[in-house]
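In case you want the letters, here they are:
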Amino acid sequence: MSTTRTALPAASAARHAARGGLIQITVTGVLWGTTGVAVQLLREGTGLSPVSIGFHRLAIAALVLLACTAGRLRTMVATLRATPVPLLLTGVGLGLYQALYFAAVAWAGVSVATIVSLGLAPVLAAAWESVQARRLPGRLRLGTLVAAVAGLVLITSATENPGAAAPAPLLGLLAAAGSGLGYAVTTLISRQVSQRTAPMTLTTISTVVGALTLAPFALVAGVGLPLRPDTVALLLHLGVVTTAVAYALFYAGLRTTPGSIAAVLTLLEPLTAAALAVALLHEPLPLPVLVGGVLLLTAVAATYLAPRPGTG
């Protein structure tokens, strides 16, 4: 009887932790979805390349996080010394998959870059988790994955500029595939690291390493920008909200959320971006975007309602 009474609170706590992780990663996807509008406004106002904007984004996040965790620098250095490889891989992956995505956008267009990079990640993560578990995903998990990727394809294809040039479509496709692979691998690695590393520590180290990884590409593309109030506000939004806060939530959520589920939930990013484009930039709302949004939201709802192993 006492064993049963002890097990019930533990199971309830596990369920609450799992639900909390889902919420954290859902919020992450929404915050990441505000990146597109901010980057578009920055490019129009400053002429900065996407890679340079990505560098500024990570550099600002790193500086803010280092200031917030100044009292724990010794602890972070000790953590980095204890497990240097996975932490460095997380940071390098963060920088590289962003750089590859930006390259894919330039070479093949937003549609190819987004569909391949974001769509490939949950598929690869689910495949790897199935290999590790030595069993195929259940029907609900497969259905959720298919609905999410289908929604992504509909939203992204409908919001692509039909007149956009694709100067190097094959290179763009390869870069997008590399970005998707990098995102999947980085998510799986960071999930393992998050089990033993505080979210703020992991976020700080990964953004510092990510900024250093992007620095050479940004220097080649140019990093100078006019320091106007609107420019500073947009950069602070990208650095603080969509990076420092969003990645802290992402890594915290990964503690209780499998990588494949996290990758599905973060597909809310293009849905949020499309909604903001309609609301703020007065872009049209095509029917495929509505259908894709319904599919994505259905996939997210199914993820919340699905039973979680070990929490029931």
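The rules we used
The written sequence of each chain sets the order in which its residues are numbered from 1. In keeping with the model being predicted, local features are shown solely for residues with a pLDDT of at least 70 and side-chain atom pairs are shown and tallied solely at 80 or more, while totals for entire chains, interfaces and linings include all residues. Calculation of side-chain values draws on the structure's entire complement of heavy atoms; hydrogens and water are dropped beforehand. Stacked, tilted and edge-to-face pairs are distinguished by plane angle, under 30 degrees for stacked and over 60 for edge-to-face with tilted covering the rest, among Phe, Tyr and Trp rings (Trp via its six-membered ring) whose centres lie within 6.5 Å. A cavity here means a set of 1 Å grid points, computed over protein atoms only, where a 1.4 Å probe fits but cannot escape. A pocket is an open set with protein on both sides within 12 Å along at least 5 of 7 lines, and lining residues have an atom within 4 Å of a point. Grid points are joined across faces, edges and corners, and a volume is the space filled by probe spheres set on the points. Numbered from the N terminus, helices here are DSSP runs of H or I no shorter than four residues, and strands are runs of E no shorter than two. Each residue gets one of three labels, nonpolar for Ala, Val, Leu, Ile, Met, Phe, Trp, Tyr, Cys and Pro, charged for Asp, Glu, Lys and Arg, and polar for the others, Gly among them. Helix axes are fitted only over the stretch in contact, all axes being lines through C-alpha atoms; the angle between N-to-C directions runs from 0 to 180 degrees. When an angle is under 35 degrees it counts as roughly parallel; over 145 it counts as roughly antiparallel; between 65 and 115 it counts as roughly perpendicular; any other value is oblique. The handedness criterion is simple: a crossing whose near helix is rotated anticlockwise from the far helix by less than a right angle is left-handed, and one whose near helix is rotated clockwise is right-handed. In what follows, a contact means two residues having at least one pair of non-hydrogen atoms within 4.5 Å. Here, nonpolar core refers to any group of buried Ala, Val, Leu, Ile, Met, Phe, Trp, Tyr and Cys residues whose side-chain atoms link them within 4.5 Å. Here's how the labels work: a residue is buried when its accessible area is under 20% of the maximum for its type, exposed when over 50%, partly exposed in between, all with a 1.4 Å probe on protein chains only. By convention in these notes, a salt bridge is any Lys or Arg side-chain nitrogen within 4 Å of a carboxyl oxygen on Asp or Glu. Helix span, expected: 1.5 Å multiplied by one less than the number of residues in the helix.

## A short note on the packing of aromatic side chains
In step 1: Within this structure, the stated rule accounts for six aromatic pairs.
In step 2: A ring pair is formed by phenylalanine 250 and tyrosine 251, whose centres lie 5.8 Å apart and whose planes are at 50°; its orientation type is tilted.
In step 3: An aromatic cluster of at least three residues, connected via ring pairs, comprises Trp32, Tyr247, Phe250 and Tyr251.

## Observations regarding empty space enclosed by the protein
In step 1: Applying the stated rule across the entire model yields one cavity of 30 Å³ or more.
In step 2: Within this model, the largest cavity holds a volume of roughly 40 Å³.
In step 3: Elements with a minimum of two residues in the lining of the largest cavity: α8 (169–194) and α10 (229–253).
In step 4: Sort the elements by how many residues they give to the lining of the largest cavity and α8 lands first, with four residues.
In step 5: The class makeup of the residues in the lining of the largest cavity is five nonpolar, three polar and no charged.

## Things to note about the packing of helix α5 (residues 84–108) against helix α9 (residues 199–221)
In step 1: Between α5 and α9, the least distance of the axes is 7 Å, while the angle of their chain directions is 45°. Taken as axis vectors, α5 and α9 run oblique relative to one another. α5 and α9 meet at a crossing whose hand is right-handed. Mapping the contact onto sequence places Leu87, Leu88, Thr90, Gly91, Val92, Leu94, Gly95, Leu96 and Ala99 in α5 and Leu202, Ile205, Ser206, Thr207, Val209, Gly210, Thr213, Leu214 and Phe217 in α9.
In step 2: Classifying every residue of the contact of α5 with α9 by side-chain character gives eleven nonpolar, seven polar and no charged.

## Focus on the nonpolar core
In step 1: In terms of nonpolar packing, the biggest core is built from 49 residues, with Tyr183, Tyr247, Phe250 and Leu265 touching the most fellow members.
In step 2: By residue number, the principal contributor to this core is α9, which donates seven residues.
In step 3: Other than its neighbours up to four places away in sequence, phenylalanine 250 contacts Ile25, Thr28, Trp32, Tyr183, Thr187, Ala262 and Thr266.
In step 4: Of all hydrophobic cores here, the second largest spans nine residues; its members include Leu42, Leu234, Leu235 and Leu238.

## Describing the pattern of salt bridges
In step 1: Per the stated rule, a full pass over the model turns up two salt bridges.
In step 2: Arginine 141 is paired through a salt bridge with glutamate 129; the nearest N and O atoms lie 4.0 Å apart. Taken together, the positions of arginine 141 in helix α7 (residues 139–159) and glutamate 129 in helix α6 (residues 110–133) put the pair twelve residues apart, joining distant regions of the chain.
In step 3: Arginine 141 gets classed as partly exposed once you look at its relative accessible area, which sits at 32%.
In step 4: Close ionic contact of aspartate 230 with arginine 228 constitutes a salt bridge, the shortest N to O distance being 3.3 Å.
In step 5: A residue is classified by how much of its surface remains accessible, and arginine 228, at 31% relative accessible area, is partly exposed.

## Regarding the environment of proline 288
In step 1: Structurally, the position occupied by proline 288 is in helix α13 (residues 287–305).
In step 2: For proline 288, a relative accessible area of 33% gives the class partly exposed.
In step 3: Considered as a pair, proline 288 and isoleucine 53 are 235 residues apart in the sequence and their alpha carbons are 30 Å apart.
In step 4: Among all residues touching proline 288, those that are not within four sequence positions of it are Leu154, Ile155 and Ala158.

## Observations concerning α13
In step 1: The first and last C-alpha atoms of α13 sit 27 Å apart over 19 residues, in line with the 27 Å expected at 1.5 Å per residue.
In step 2: Those residues of α13 that fall on the buried side of the exposure criterion are Val289, Gly292, Gly293, Leu296, Ala299, Val300, Ala302, Thr303 and Tyr304.

## Some points on unusual backbone geometry
In step 1: You will see that arginine 134, though not glycine, has its phi angle at about 60°, which is positive.
In step 2: One can find arginine 134 in the loop between α6 and α7.

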